[in-house]
Structure formats: structure tokens, C-alpha cells
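The primary structure of each chain is shown beneath.
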Amino acid sequence: MLGQYRRLFSAEGSLAFTLAGVVARYPMGMYGVSVLLLMVDTSGSYATAGRVAAVGLVAMAVCAPLVGRLVDRYGQAKVAVPATVTSVAACTGTVLCAQYGAPMWAIYVTYALSAPCPFVGTLARARWVRIYREQPDMMHTANAFERIVDEIVFITGPAAAGLLCGAIGPAAGLYAANTLLLVGTLLFAAQRRTEPIPVPIDKSQKRVRLLTPGITATVALFPIFGIALGSMELVTVNYVASHSSRSYSGIFLALIGLGSCLTGLYFGTLKLKSDLRRRTLAVSAVLSACLMPVPLLLDGNLVLFGAWAFVVGSAFAPFLITTLGLLQQLTPEERINEGMSLVDAGLVGGQAIGLSTSGVIAAHYGATTGFLIVSAAGLLTLLVATGGARWCDFRR
């Protein structure tokens, strides 16, 4: 297993951009909790804190494809650095507005303006595509590795932010996240050898189409999965709080991430011979089966619920690794950053919908009812994967 990952980093410059990218990506796991803790402390309202966080998510989902298009045209370094500086400045403005009692509209505006920061994980995946596009096995391992990094970030990031805010102050999480983001992005952008070559637009030639039927069908899977992800997070917290203490909910969320991390680690070493369309159907079916509303039958048994949460997480990594690999093969090389950014936009937008929808349902109909949203999203994922499979050819 380790040999396959060692071979992954045998490419020149791959370790350098990966380490820099980890530093730049770690804040992505910190921002959500940090802004919630800051706004709860300064406004005293969970509803206000949730609205500010939602504004940031929606703005991020809108900006991600636009930033990706600019990266394809001008290059990662030329876009990522100024975009990150702007984002950090805007987020710092959010902190100052919250601490000094500025009007709420100023907080919404400054936090929305922090959204154009590029997802460094997307930029890293584009670099792997440049290196291993003609080696499907290595590209599969690269996608698995990136998924593992994502899980580590989103398992440990919120905990780190919470500890900083508790030990230093409510603004400490955002200040630390901004610092890591700026330093990490600057280090990442400095790794020019592995940066994909930008493709300037030739107005005399017809631009390569991005949203072909196959790409559209594949991209549609990510917001649906995002709904399942966001719903799962909220209803897990609600379910645990209703049967024990809310303070234990982090353990069960960590079990989901641990299942995904371990499965992704192993899945990335497999040499799979089936084509990506059939593989996408298979992992969608497994995901749909794992997301069945089992907690409705558990009668509050948290031991069994923890086992189920681990199994659910184990289905996440293979699904994301496989669907991302399919999208990478379908996407034209000259628009790879924009194509990959659609993944982040879809996931973030879906999470916002899942969080809000499952929260309303759980509030009105009980803690376990929200799991029906999770299951419905899993079933819809399978239906979309099945219906879209015939469009996912590899013709441009």
C-alpha cells in the first residue's frame, strides 16, 4: 500500500506542492466553526451566526467556477495570490466589523467578499492531472490521496479552531485560518514547475465546450452528494444530542471521517480494470445502500449508531474518488481548473441546502426524521448516475 503512494510522489516537485497545499487547505476545515463561534459571541444569536455562515457558502459556490476559469486562462499563481490576499483582507474585515459592532450588512458583505479565494485542493488536483493524465492507476491513487487530505483537514480543522477560540478568544480561529491560508497559498504558488500551463483564449478559434452532456451529468452528482453530506452532519449532531450530550457529537462526526479516510487509503491502491462509468454506477449503488435510514430502527442505541456512521463514511471516499476521476477524464485539459472547481461549488452549495433543509425537518418532526433527507439524496445520486451513464463518453 505504501509503495503505491511512494510512487505517486516520485514525480519531480510533487512533494513540494503537496506540503504547501496542505498548509493552504487546512483553514478550509477551520472557517465554518470559527465564524460561527465569533458571531455567537458577538451577536448572541445562533440564527445570525448560521446566516453569516450560509452567506459565505453561497458566495463561495458562485465564485468557485469563475475563479477556476480565470486560473485556466492566466495560471494558478497569477490568480491564486491576489485572490487569496483579497479574501484574507475581507475576512479580517468581517472580524473587525463583528468585534466593533458594525451593522449586520457590513458583516454579510465582508464575509461574502472573502469567497473568491481559490480552493487549493482543486489546484492540487489539476497539477496531478497534468502529471498523471496518461496513467489512470496513478491518477486514481492521486485522487485517493487528495481525499484523505480532505478528511484529515475536515476532521481536525474544526477541533483546532474550537481550541484556539476557547483558549485565546472568539476571533483567534479566523485569524489563524487567514494566516495559514496566506502563507500556504504563497508557498504553493511558488512551486511553478508543476503548475498547469495556462491556455490563452484565441478569439479566432471556437472555445472548447465544457458542459457536455457527460460532464453535466457527472457534475450533477456533487451537489446531490453535498446535500447528503450537509444533512448527515446536522442530523448526526441533533440525533446524538437528543439521546445523550451534544458534546459527544464530535466523536460520531469523526467516525464518519475516519471511515472515509481509511477506505480512501485502501481504495487508492487498487488497480481497478472496469471503466469509470461502470465504477461510478457501482459506488453510487453502494453509497445509496449505506445511506438508508438505519437510525430510525436503532431506538437511540449510540453504539450501533456509531457503527453505522463509520460504514456511511466508508462509502464516501470511493464515491468521491471515482466520480472525480470520471470528471477528470471527461474535462478538456485546457479547462481542467474550471471543471474541478465545479466539484467544490456543487459540494458547498449542496451542503448549504442539506444543512438548512434537514434542520427545518428535524426541528418540526424530530431528530431521526432528518435522516430521510440523507437517504433521499443517496437514492437520487444513484438515479442520476444511472441516467447519466450513457452520456459519459470520452469524446470531446
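Rules used in this analysis
- Residues numbered from 1 in each chain as written.
- Predicted model: local features only at pLDDT ≥ 70, side-chain atom pairs only at ≥ 80, totals over all residues.
- Heavy atoms only, no water.
- Helix = DSSP H or I, 4+ residues; strand = E, 2+ residues; numbered from the N terminus.
- Buried < 20%, exposed > 50% of the residue type's maximum accessible area, 1.4 Å probe, protein only.
- Phe/Tyr/Trp six-rings, centres within 6.5 Å; stacked < 30°, edge-to-face > 60°.
- Lys NZ or Arg CZ within 6 Å of the ring centre and 35° of its normal.
- Salt bridge = Lys/Arg side-chain N within 4 Å of Asp/Glu carboxyl O.
- Patch = residues over 30% accessible without salt bridge, like charges linked within 9 Å, V, L, I, M, F, W, Y side chains within 5 Å.
- Areas by Shrake-Rupley, 256 points an atom, 1.4 Å probe, with all protein chains shown as cover.
- 1 Å grid on protein atoms, 1.4 Å probe; cavity = no way out; pocket = protein on both sides within 12 Å on 5 of 7 lines; lining within 4 Å.
- Points joined across faces, edges and corners; volume = space filled by probe spheres on them.
- Nonpolar A, V, L, I, M, F, W, Y, C, P; charged D, E, K, R; others polar.
- Axes fitted to C-alpha atoms, helices over the stretch in contact; angles between N-to-C directions.
- Left-handed = near helix turned anticlockwise from the far one by under 90°.
- Contact = heavy atoms within 4.5 Å.
- Expected span 1.5 Å × (residues − 1).
- Core = buried A, V, L, I, M, F, W, Y, C linked by side-chain atoms within 4.5 Å.

(A) The environment of Phe310, seen in detail. Within the element layout of this structure, Phe310 appears in helix 14 (residues 302-330). By relative accessible area, which is 29% here, Phe310 ends up partly exposed. With 51 residues separating them along the chain, Phe310 and Ile361 place their C-alpha atoms 24 Å apart.

(B) Structural detail: the packing of aromatic side chains. Evaluation of the coordinates by the stated rule reveals 13 aromatic pairs. Ring plane angle 90° and centroid distance 6.2 Å describe the contact between Phe17 and Phe188, whose orientation is recorded as edge-to-face. Of this pair, Phe17 sits in helix 2 (residues 14-25) while Phe188 sits in helix 9 (residues 172-189); the two residues are 171 residues apart in sequence, bridging distant segments of the chain. Overall, Phe17 belongs to the buried group, its relative accessible area being 0%. Members of the aromatic cluster, joined through ring pairs, are Phe9, Phe17, Trp128, Tyr132, Phe145 and Phe188. Its end group placed over the ring of Phe188, Arg127 keeps NZ or CZ at 4.2 Å from the ring centre.

(C) Structural detail: the pattern of salt bridges. The full count for this structure, using the stated rule, is 6 salt bridges. The partner of Glu12 in a salt bridge is Arg193, and the shortest N-O contact between them spans 2.7 Å. Highlighted residues: Glu12 in the loop between helix 1 (2-8) and helix 2 and Arg193 in the loop between helix 9 and helix 10 (213-219), separated in sequence by 181 residues. Among the residues examined, Arg193 registers a relative accessible area of 57% and is labelled exposed. Arg125 is the salt-bridge partner of Asp150, the closest N and O atoms lying 2.7 Å from each other. A residue pair is termed long-range when its members are at least 10 positions apart, and Asp150 in helix 8 (residues 136-167) and Arg125 in helix 7 (residues 120-132) qualify at 25 residues. We classify Arg125 as buried; its relative accessible area is 10%. A single network of salt bridges, built from pairs that share partners, joins Arg25, Arg125, Glu146, Arg147 and Asp150.

(D) Representation of a nonpolar patch on the surface in the model. A surface patch of nonpolar side chains, amounting to about 270 Å² of accessible area, comprises Val58, Val62 and Leu66. Structurally, the position occupied by Val58 is in helix 4 (residues 46-74). The class of Val58 is partly exposed, set by a relative accessible area of 47%.

(E) Spatial organisation of the layout of surface pockets. As a volume, the second largest pocket reaches approximately 350 Å³. Forming the walls of the second largest pocket are 21 residues, and the residues nearest its centre are Pro136, Met139, Leu276, Gly325 and Gln329. If you list the elements that add at least two residues to the lining of the second largest pocket, you get helix 7, helix 8, helix 13 (276-290) and helix 14. Class assignment of the residues belonging to the lining of the second largest pocket gives a composition of 9 nonpolar, 8 polar and 4 charged.

(F) Structural detail: the packing of helix 2 against helix 8. Interhelical geometry of helix 2 versus helix 8 gives an angle of 35° and a closest axis separation of 10 Å. Of the two elements, helix 2 crosses helix 8, and the hand of that crossing is right-handed. Taken together, the residues of helix 8 that come into contact with helix 2 (itself represented by Thr18, Val22 and Arg25) are Phe145, Glu146, Val149, Asp150 and Val153. Across the contact of helix 2 with helix 8, the residue classes tally to 4 nonpolar, 1 polar and 3 charged.

(G) Quick peek at the side chain of Thr122. Along the chain, the position of Thr122 falls in helix 7. The class of Thr122 is buried, set by a relative accessible area of 6%. With sequence-adjacent residues up to four places away left out, Thr122 is seen in contact with Asn337, Met340, Ser341 and Asp344.

(H) Focus on helix 9. The end-to-end C-alpha distance of helix 9 is 26 Å, a good match for the 26 Å that 18 residues give at a rise of 1.5 Å each. Within helix 9, the full set of buried residues consists of Ala172, Gly173, Leu174, Ala177, Asn178, Leu181, Gly184, Thr185, Phe188 and Ala189. In this structure, the buried residues of helix 9 make contact with helix 2, helix 3 (31-43), helix 5 (76-99), helix 7 and helix 8.

(I) Expanded view of unusual backbone geometry. Here the phi dihedral of Asp299 falls at roughly 55°; this positive angle occurs in a residue that is not glycine. Among the secondary structure elements, Asp299 is positioned in the loop between helix 13 and helix 14.

(J) A look at the nonpolar core. One finds Leu8 and Phe305 to be the most contacted residues of the largest nonpolar core, which totals 71 residues. Ranked by residues supplied to this core, first place goes to helix 14 with 15 residues. Not counting the four nearest positions on each side in its chain, Leu8 is found in contact with Ser14, Trp128, Tyr132, Met138, Thr141, Ala142 and Phe145. One finds Cys117, Ala161, Ala171 and Leu181 within the second-largest nonpolar core, a separate group that totals 22 residues.

(K) Highlighting the environment of Phe17. Along the backbone, Phe17 and Gly184 are 167 residues apart, and their C-alpha atoms lie at a distance of 9.7 Å. Non-local contacts of Phe17, meaning those with residues more than four positions away in its chain, are made with Ala124, Arg127, Trp128, Ile131, Phe188, Gln191 and Thr194.

(L) Representation of the environment of Gly13. One can find Gly13 in the loop between helix 1 and helix 2. Dropping the residues within four chain positions of it, Gly13 is found in contact with Arg193 and Thr194.

On their own, these measurements won't tell you what the molecule is for.
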